[in-house]
Amino acid sequence: MPGVSARGLSHEARRQLAVNLTRVVTLYRSILDAYIIEFFTDNLWGTLPCSWQEALDGLNPPQLATLLLGMPGEGEVARYRSVWPLTLLALKSTAYALAFTRTPGFQTPSEFLENPSQSSRLTAPFRKHVRPKKQHEIRRLGELVKKLSDLTGCTQVVDVGSGQGHLSRFMSLGLGLMVKSIEGDQRLVERAQRLDQELLQALQKEEKRNPQVVHTGPRHRPHHVVRWVDPTALCEELLLPLENSPQSEARLLLTGLHACGDLSVALLRHFCRPEVAALASVGCCYMKLSDPGGYPLSQWVAGLPGRELPYRLREGACHALEEYAERLQKAGPGLRTHCYRAALETVIRRARPELRRPGVQGIPRVHELKIEEYVQRGLQRVGLDPHLPLNLAALRAHQAQENRVVAFFSLALLLAPLVETLILLDRLLYLQEQGFHAELLPIFSPELSPRNLVLVATKRPLGETFSVLETEDS
């Protein structure tokens, strides 16, 4: 998807981008703030301008992917069946122009051409127990951290929110970095330690089988710490060097792979400490940010009208736009889930008007169910009588509007990257206000990992070397 590169923007240009984003988010807030399950109860289609309704009505999912999201299928050419209103074209152009680009500076996913489940860039021991998406992520972020560590002279990497330790293992046992892993869940840490030992044994066996392949670099097992990082306070354990790193010589690099919610904010605040020389953070779960506290962080964004990002907007920014565009191109029956759930909401409201947007546990194989069967199962899952009398004619009428539901949801997804851009831009500006140097780089393939922008920060200018961090090694 087209977009703007954060690396090409001056500080003033970034501030102006924040101004433009808050204006656009305010203008289209009604779309961003809508819950698709209220499509029928709140007449969401009727909230769109009539000219938009005419342009979008009747478009099938592949047409929405091509014409609205700007993601045509292979060999497909965009052909408008009618003249779209300028306001809708303006929304589309604005969404493209103001969002940070998520297109990496390398061809991908070439590492999965031979086998879609095994990265050709990782050896077998490092792929074990790791899904393809995570294989891609730990390799790309690990290699970036290695480059950044070398450039800034860091002596130790701190992996915050390390989970089962896949990234930590690759950085330490694969790239030779000294790594401290911090995770709040004792069970995950115990699992990580078992996997560490398993990987060490596998590497030793591999060396015996292939004695000609000599491991030349140091091989350090990651040091695991069970500790919950409070986003509102400094964690001294996070800043302590390992035993073989003297306090006076410690230069830390903080990293987090999809550090959830406030954990990404905690990394930014710990970066301000003198012991920390560099940061490489990939955030996610923006809806879990504290409000206030997690956003806004910068003085500039905090002073802008329209800066508010309530829960629904932040949650929407976590959706996978590229993945949904692919689903649209395939036009599979699974797309009707939103329509079915919106129809169920009308029945729930009639039965219990005070019950709004209740969570519905997953109903398997939705696409194989008639709409009345789905509604009956949904009623049971929210504690209502599944045998309530149903207005089948109304349900059929709702089902006939499936493409409208998909079109409205596509509009919201088109705008969602603007919210993510504003959140990440706020973090860039916050670091710059502290006198630091910060960039955002698209590091993962967005088709594999939708949250693919890594925030890289240093305390000394790196100049053009930021471009070295983004590129893929041959």
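The rules we used
Residues numbered from 1 in each chain as written. Predicted model: local features only at pLDDT ≥ 70, side-chain atom pairs only at ≥ 80, totals over all residues. Heavy atoms only, no water. Helix = DSSP H or I, 4+ residues; strand = E, 2+ residues; numbered from the N terminus. Rg over C-alpha atoms; globule rule 2.2 N^0.38 Å. Buried < 20%, exposed > 50% of the residue type's maximum accessible area, 1.4 Å probe, protein only. Contact = heavy atoms within 4.5 Å. Areas by Shrake-Rupley, 256 points an atom, 1.4 Å probe, with all protein chains shown as cover. Lys, Arg positive; Asp, Glu negative; His and termini not counted. Charge placed at Lys NZ, Arg CZ, Asp CG, Glu CD. Pairing = 2+ DSSP bridges. Salt bridge = Lys/Arg side-chain N within 4 Å of Asp/Glu carboxyl O. Arc of directions from axis to C-beta. Core = buried A, V, L, I, M, F, W, Y, C linked by side-chain atoms within 4.5 Å. Right-handed = clockwise from strand over helix to strand, strands pointing away. Axes fitted to C-alpha atoms, helices over the stretch in contact; angles between N-to-C directions. Parallel < 35°, antiparallel > 145°, perpendicular 65-115°, else oblique. Left-handed = near helix turned anticlockwise from the far one by under 90°. Nonpolar A, V, L, I, M, F, W, Y, C, P; charged D, E, K, R; others polar. Phe/Tyr/Trp six-rings, centres within 6.5 Å; stacked < 30°, edge-to-face > 60°.

An unreviewed UniProt entry lists the chain under the name Protein RRNAD1 isoform X1, with Delphinapterus leucas given as the organism.

Student: Honestly, the overall build of the chain in this entry has me stumped. Any pointers?
Tutor: Helices and strands together make up the secondary structure of the chain, namely 19 helices and seven strands. Taken over C-alpha atoms, the radius of gyration comes to 24 Å for the chain, in line with the 23 Å a tight globule of 474 residues would show. With the C-alpha coordinates aligned to their principal axes, the bounding extent of the chain is approximately 75 × 50 × 45 Å. Out of the 474 residues belonging to the chain, those deemed buried represent 53%. Taking the contacts inside the chain whose residues are at least 6 apart along the sequence as the reference set, 75% of them involve residues at least 24 apart. Carbon and sulfur atoms provide 51% of the accessible area of the chain, an area that totals close to 21,100 Å². Charged side chains in the chain number 56 positive and 50 negative. The centres of these two groups are separated by 2 Å.

Student: Sorry, what's going on with the pairing of strand β6 (residues 437-442) here?
Tutor: A regular strand carries its side chains on alternate faces of the sheet. Of all six residues in β6, five are buried; the element is thus mostly enclosed. In the sheet, β6 pairs with strand β7 (residues 453-458) via six bridges, with the strands oriented antiparallel. For leucine 441, the partnering residue across the bridge sits in β7 and is valine 454.

Student: Just to check I follow, could you spell out the pattern of salt bridges for this structure?
Tutor: A side chain with one charge may pair with a side chain of the opposite charge, provided their charged atoms come close. Evaluated as defined, the whole model comprises 27 salt bridges. In this structure, glutamate 275 engages arginine 273 in a salt bridge whose closest nitrogen and oxygen atoms are separated by 3.1 Å. The exposure class of glutamate 275 is buried, given its relative accessible area of 15%. Its salt-bridge partner being arginine 352, residue glutamate 354 comes within 2.9 Å of it at the nearest N-O pair. Among the residues examined, glutamate 354 registers a relative accessible area of 55% and is labelled exposed. It is possible to trace a salt-bridge network through shared partners that takes in Glu38, Arg341, Glu345, Arg349 and Arg357.

Student: Would you mind going over the environment of leucine 253 with me for this structure?
Tutor: Position of leucine 253 among the secondary structure elements: in strand β4 (residues 252-260). Residue leucine 253 is classed as buried on the basis of its relative accessible area, which comes to 0%. In this structure, the C-alpha to C-alpha distance between leucine 253 and leucine 414, residues 161 residues apart in sequence, is 35 Å. In this structure leucine 253 touches Val145, Leu148, Ser149, Cys154, Gln156, Val157, Val158 and Ala278, once residues within four positions along its chain are discounted.

Student: What's the story with the environment of leucine 68 in this structure? I'm lost.
Tutor: Topologically, leucine 68 is positioned in helix α4 (residues 61-68). It is 30 Å that separates the C-alpha atoms of leucine 68 and serine 10, two residues lying 58 residues apart in sequence. Non-local contacts of leucine 68, meaning those with residues more than four positions away in its chain, are made with Gln63, Trp84, Leu88, Lys92, Tyr96, Ala407, Ser410, Leu411 and Leu414.

Student: Before we go on, may I ask you to explain helix α16 (residues 371-381) in this structure?
Tutor: Three or four residues apart is the spacing at which side chains of an α-helix point the same way, because the helix has 3.6 residues per turn. Every buried residue of α16 is listed here: Ile371, Glu372, Tyr374, Val375, Gly378 and Leu379. Angularly, the buried residues of α16 cover 155 degrees about the axis, an arc narrow enough to put them on a single face. Those residues of α16 that are buried are in contact with α15 (337-351) and α17 (392-399). Looking one or two residues past α16, glycine 383 carries a phi angle of roughly 85 degrees, positive in sign.

Student: Before we go on, may I ask you to explain the nonpolar core in this structure?
Tutor: Within soluble globular proteins, side chains that are nonpolar tend to cluster in buried spots. Judged by nonpolar contacts, the single largest core of 115 residues is most densely connected at Ile31, Phe39, Leu56, Phe100, Leu238, Leu411 and Leu431. Broken down by element, this core gets its largest block of residues, 20 residues, from helix α18 (residues 402-433). When sequence neighbours within four positions are dropped, the list of residues in contact with leucine 238 reads Val158, Val160, Ile182, Val229, Leu252, Leu254 and His270. Grouped together as the second largest cluster of nonpolar side chains are 30 residues, Leu144, Met171, Ala277 and Ile443 included.

Student: I keep staring at the pairing of strand β1 (residues 156-160) and nothing clicks. Help me out?
Tutor: For β1, the buried fraction is high: five of the five residues fall into the buried class. Looking at chain direction, β1 and β4 are connected through four bridges and run parallel. Bridge pairing in β4 links valine 157 to leucine 253. The pairing of β1 with strand β2 (residues 179-183) spans four bridges and is parallel. Pairing of valine 160 across the sheet is with isoleucine 182, part of β2. For the crossover from β1 across helix α8 (residues 166-174) to β2, the handedness is right-handed.

Student: Sorry, what's going on with the packing of α4 against α18 here?
Tutor: Angle between the axes and distance between the axes: these two values describe a pair of packed helices. It is the contact of α4 with α18, at a shortest axis distance of 10 Å, that shows an interaxial angle of 25 degrees. The orientation of α4 relative to α18 falls into the category roughly parallel. The handedness of the crossing between α4 and α18 is right-handed. Counting all contacts with α4, which are made through Pro61, Leu64 and Leu68, the residues of α18 involved are Asn403, Val406, Ala407, Ser410, Leu411 and Leu414. Considered class by class, the residues forming the contact of α4 with α18 number seven nonpolar, two polar and no charged.

Student: Please clarify how the side chain of serine 162 should be interpreted in this entry.
Tutor: With respect to the helices, strands and loops of the structure, serine 162 is situated in the loop between β1 and α8. Setting aside its immediate chain neighbours within four residues, serine 162 contacts Ser168, Ser181, Ile182 and Glu183.

Student: What is the right way to read the packing of aromatic side chains from this model?
Tutor: The way to describe two aromatic rings as a pair is by their centre distance and the angle between their planes. Scanning the entire structure with this criterion turns up seven aromatic pairs. Ring plane angle 35 degrees and centroid distance 6.4 Å describe the contact between tyrosine 28 and tryptophan 52, whose orientation is recorded as tilted. Here tyrosine 28, found in the loop between α1 (11-27) and α2 (29-32), pairs with tryptophan 52, found in helix α3 (residues 50-56); they are 24 residues apart in sequence, far enough to count as distant. Residues tyrosine 28 and tryptophan 52 agree in their burial class; the two are buried.

Student: Sorry, what's going on with unusual backbone geometry here?
Tutor: When glycine is set aside, most residues are seen to have a negative phi, and most peptide bonds are trans. A cis geometry characterises the amide bond from tyrosine 295 onward to proline 296, with omega recorded as -5 degrees. In this structure, cysteine 285 is a non-glycine residue whose phi angle is positive, near 50 degrees. Note that cysteine 285 resides in the loop between β5 (276-284) and α12 (299-302). We note that arginine 357 has phi near 50 degrees; this positive angle belongs to a residue other than glycine. Relative to the assigned elements, arginine 357 resides in the loop between α15 and α16.

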